[in-house]
Amino acid sequence: MTQIKWHYDWISTESIIAQYANTPHEVVPVDTMRKTIARRLLESKQTVPHFYLVAHCRVDALLELRRQINAADVGKVSVNDLVVKAVAAALREVPEANAIWTPDATRRFSSVDIAVAVSVDGGLLTPVVRGVDRMPLSELSATVRDLADRARAGRIKQHELEGGSFSVSNLGMYGISEFSAILNPPQAGILAVGVAEKRPVVGADDTIEVATMMTVTLSADHRVLDGALAAQWLAAFVARIENPLQILL
């Protein structure tokens, strides 16, 4: 049997165009943002040793807390705001995870700065919210909303996209149950958040009950986080999501 080996890096742009010359298509030029995204994500997958951990969180109490906060009319809080706050609290509990890799040293931070993925026309931006661990929930919500609005309007500043050790990417609003995200170097972790949805679960007395569950996937840089450390951080995150009053402390 003849074995065919594919070497896409040997195929020129002209050769690719020729293959599809007779197939109806639209040519969409690649702008600067898309080129930057493509370059950074390719570098990330090629040079950063990713590994992944998945957890399923029960979020009935979290949703009830959000309902009570919003009913108090002190400013609208999203599920993602609570997730970001829980990420910060977990990084406080497991400070070894609040770090980045550089060739000469692992750099561990005292401030918890978290990037929040925002979908914009033609791509994705990740503005960084600084000092999330010290920020009241209402201030966090307003800050995330302001950064997202300015990112979509093209008014975000470059320094607001730099720094941080961790990212949160939430596709729950699109009904996505579970996904894995690519690390945003030099950050060492990114949490991919799925939809909160009703699922059957086994209760304490081994009976089947219905609960609202949310699946999260941690992508981690193995140079910074070993498996046990990443598992410790994810457990700390899940504990806060399932006991959400801890998020407010």
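These lines cover the structure that appears in this document, whether it is placed above or below.

Cut-offs used in this document
- Residues numbered from 1 in each chain as written.
- Predicted model: local features only at pLDDT ≥ 70, side-chain atom pairs only at ≥ 80, totals over all residues.
- Heavy atoms only, no water.
- Salt bridge = Lys/Arg side-chain N within 4 Å of Asp/Glu carboxyl O.
- Helix = DSSP H or I, 4+ residues; strand = E, 2+ residues; numbered from the N terminus.
- Buried < 20%, exposed > 50% of the residue type's maximum accessible area, 1.4 Å probe, protein only.
- Pairing = 2+ DSSP bridges.
- Expected span 1.5 Å × (residues − 1).
- Arc of directions from axis to C-beta.
- Contact = heavy atoms within 4.5 Å.
- Axes fitted to C-alpha atoms, helices over the stretch in contact; angles between N-to-C directions.
- Parallel < 35°, antiparallel > 145°, perpendicular 65-115°, else oblique.
- Left-handed = near helix turned anticlockwise from the far one by under 90°.
- Nonpolar A, V, L, I, M, F, W, Y, C, P; charged D, E, K, R; others polar.

### Points about the pattern of salt bridges
Here's step 1: Evaluation of the coordinates by the stated rule reveals twelve salt bridges.
Here's step 2: In this structure, Arg150 engages Asp146 in a salt bridge whose closest nitrogen and oxygen atoms are separated by 3.1 Å. Here the residue Arg150 and the residue Asp146 both occupy positions in helix H5 (residues 137–152), the gap between them amounting to four residues, near one helical turn.
Here's step 3: Judged by its relative accessible area of 12%, Arg150 falls in the buried class.
Here's step 4: As a salt-bridge pair, Glu160 and Arg150 come within 2.6 Å of each other at their nearest N and O atoms. Taken together, the positions of Glu160 in the loop between H5 and strand E8 (166–170) and Arg150 in helix H5 put the pair ten residues apart, joining distant regions of the chain.
Here's step 5: If you follow the salt bridges from partner to partner, you end up with Arg58, Asp60 and Glu209 in one network.

### Here we look at the pairing of strand E3 (residues 105–108)
Here's step 1: Note that strand E2 (residues 99–102) and E3 share four bridges and pair antiparallel. Among the inter-strand pairings, Trp101 is bridged to a residue of E3, identified as Thr106.
Here's step 2: Connecting E2 to the antiparallel partner E3 that follows it, the hairpin turn spans two residues.

### A word on helix H3 (residues 60–71)
The α-helix advances 3.6 residues per turn, and as a result positions three or four apart in sequence lie on the same side.
Here's step 1: Relative to the 16 Å expected for twelve residues at 1.5 Å per residue, H3 spans 17 Å between its end C-alpha atoms, a close match to the ideal helical length.
Here's step 2: Along H3, the residues classified as buried are Leu62, Leu65, Ile69 and Asn70. Burial along H3 is one-sided: seen end-on, the buried residues are contained in an arc of 130°.
Here's step 3: Buried residues along H3 sit in contact with helix H4 (79–93), H5, helix H6 (227–242) and helix H7 (245–248).

### A few points about the packing of H4 against H6
Here's step 1: Relative orientation of the contacting elements H4 and H6 amounts to 135°, with a least axis distance of 8 Å. Judged by the angle between their axes, H4 and H6 are oblique. In terms of crossing hand, the pair formed by H4 and H6 is right-handed. Contacts between H4 and H6 involve Val83, Ala86, Val87, Ala89, Ala90, Leu91 and Glu93 from the former and Trp233, Ala236, Phe237, Arg240 and Ile241 from the latter.
Here's step 2: Residues belonging to the contact of H4 with H6 are distributed by class as follows: ten nonpolar, no polar and two charged.

### Digging into unusual backbone geometry
Here's step 1: Following Pro185, the chain continues into Pro186 via a peptide bond in cis, with omega recorded as 5°.
Here's step 2: In this fold, Pro186 is placed in the loop between E8 and strand E9 (189–202).

### Topic: the sheet that holds strand E7 (residues 128–129)
Here's step 1: If you walk across this open sheet you meet the six strands as E1-E10-E9-E8-E4-E7, and the pairing is mixed. Of all the strands in the sheet, the pair left with one neighbour each is strand E1 (50–58) and E7.
Here's step 2: Sheet topology places E8 next to E9; five bridges connect them, and they run parallel. Bridge assignment links Val168 to a residue of E9, and that residue is Leu191.
Here's step 3: Relative to the sheet, H4 contacts strand E4 (114–116), E8, E9 and strand E10 (208–221), its axis offset from that of E8 by approximately 155°.

As far as function goes, none of this settles anything; it's purely spatial.
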